[in-house]
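# Observations on the model geometry
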Amino acid sequence: RVLLLWVIVFGLSLPGSLPALLLQVTGSAPDSAAVLLAQLWSFAWSLGISIRFALSFYFLVDGEMGAVDSLRSSWDRTRGNVLRMIGLLVVSLGVILAGTLLFLIGVIPASLMAWQLYPSAFRQIVGRLRPA
């Protein structure tokens, strides 16, 4: 189930990366406007589409769902929480950046802390799916 979910999430995130990949494959030096547009597309795709599937792995494990059901549940449950999910992403990137600025000493603890934000968000948005 997890492998299938990884493949599906990869396929869903691919359209966001496709313009940048195509610019790299062309071999010639792309102009700045094309690179900027490709990066803006990737950013918009990540914030608009990919972030809605951030909780799918928690649904897969905690809800004992299949890959497609976990994606559907993540999409449904994040419907009214997109700005909160974007805020969570910004905070987690800020924590990792702070760890990096501490001369790489704090990168591992900061990364672990940032990753722990998502299960907490899952519990706050969804609650418990089954009895403890």
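On a predicted model such as this, the values are computed, not experimentally measured, just so you know.

## Quick word on a nonpolar patch on the surface
Taken together, the side chains of Phe10, Leu14, Leu18, Leu21 and Leu22 define a hydrophobic patch exposed on the protein surface, amounting to about 460 Å² of accessible area. Among the secondary structure elements, Leu14 is positioned in helix H1 (residues 2-25). By relative accessible area, Leu14 is classed as partly exposed at 31%.

## Focus: helix H4 (residues 67-77)
When H4 is considered as a whole, its buried residues turn out to be Ala67, Ser70, Leu71, Ser73 and Ser74. Buried positions in H4, seen along its axis, are confined to an arc of 165° and lie on one side of it. Looking at the buried side of H4, the elements it contacts are H1 and helix H3 (56-62).

## Details of the packing of helix H5 (residues 82-101) against helix H6 (residues 107-126)
Two measures define how a pair of helices packs: the angle their axes make with one another and the distance between the axes. Contact geometry for H5 and H6: axes closest at 7 Å, N-to-C directions at 165°. By the angle class used here, H5 and H6 are roughly antiparallel. Regarding H5 and H6, the two cross each other, and that crossing is right-handed. In this structure, H5 uses Met85, Leu88, Leu89, Val91, Ser92, Val95, Ile96, Gly99 and Thr100 to contact H6, whose residues at the interface are Val107, Ala110, Ser111, Met113, Ala114, Leu117, Tyr118, Ala121 and Ile125. The residue inventory of the contact of H5 with H6, partitioned by class, reads 14 nonpolar, four polar and no charged.

## Thoughts on the pattern of salt bridges
Summed over the entire model, instances satisfying the criterion amount to three salt bridges. Its salt-bridge partner being Arg72, residue Asp69 comes within 3.0 Å of it at the nearest N-O pair. Pair noted here: Asp69 and Arg72 are both in helix H4, with a separation of three residues, about one helical turn. Residue Asp69 is classed as partly exposed on the basis of its relative accessible area, which comes to 42%. A salt bridge links Asp76 to Arg79; the nearest nitrogen and oxygen atoms lie 3.5 Å apart.

## Thoughts on the confidence of the model for the chain
When pLDDT is averaged along the chain, the result is 87, and 95% of the positions lie at 70 or above. Per-element averaging of pLDDT across the chain places H6 at the bottom with 88 and H4 at the top with 93.

## Describing the environment of Ser13
Inspection of the secondary structure puts Ser13 in helix H1. Residue class for Ser13 comes out partly exposed when judged on its relative accessible area of 27%. Counting along the chain gives 37 residues from Ser13 to Ser50, while the straight-line C-alpha distance between them is 6.2 Å. If we ignore the near neighbours within four places in the chain, the residues touching Ser13 are Trp45 and Ser50. At 3.0 Å, the side chain of Ser13 and the backbone oxygen of Phe10 are in polar contact.

## Brief notes about the packing of aromatic side chains
Under the definition given, this model contains six aromatic pairs. Counting every residue linked through ring pairs, the aromatic cluster contains Tyr58, Phe59 and Phe122. Residue placement shows Arg52 over the ring face of Trp75; its charged tip is 3.9 Å from the ring centre.

The rules behind the values
Residues numbered from 1 in each chain as written. Predicted model: local features only at pLDDT ≥ 70, side-chain atom pairs only at ≥ 80, totals over all residues. Heavy atoms only, no water. Patch = residues over 30% accessible without salt bridge, like charges linked within 9 Å, V, L, I, M, F, W, Y side chains within 5 Å. Areas by Shrake-Rupley, 256 points an atom, 1.4 Å probe, with all protein chains shown as cover. Salt bridge = Lys/Arg side-chain N within 4 Å of Asp/Glu carboxyl O. Helix = DSSP H or I, 4+ residues; strand = E, 2+ residues; numbered from the N terminus. Buried < 20%, exposed > 50% of the residue type's maximum accessible area, 1.4 Å probe, protein only. Arc of directions from axis to C-beta. Contact = heavy atoms within 4.5 Å. Axes fitted to C-alpha atoms, helices over the stretch in contact; angles between N-to-C directions. Parallel < 35°, antiparallel > 145°, perpendicular 65-115°, else oblique. Left-handed = near helix turned anticlockwise from the far one by under 90°. Nonpolar A, V, L, I, M, F, W, Y, C, P; charged D, E, K, R; others polar. pLDDT = per-residue confidence, 0-100. Polar contact = N/O pair within 3.5 Å; in protein donor to acceptor, adjacent residues only side chain to side chain. Phe/Tyr/Trp six-rings, centres within 6.5 Å; stacked < 30°, edge-to-face > 60°. Lys NZ or Arg CZ within 6 Å of the ring centre and 35° of its normal.

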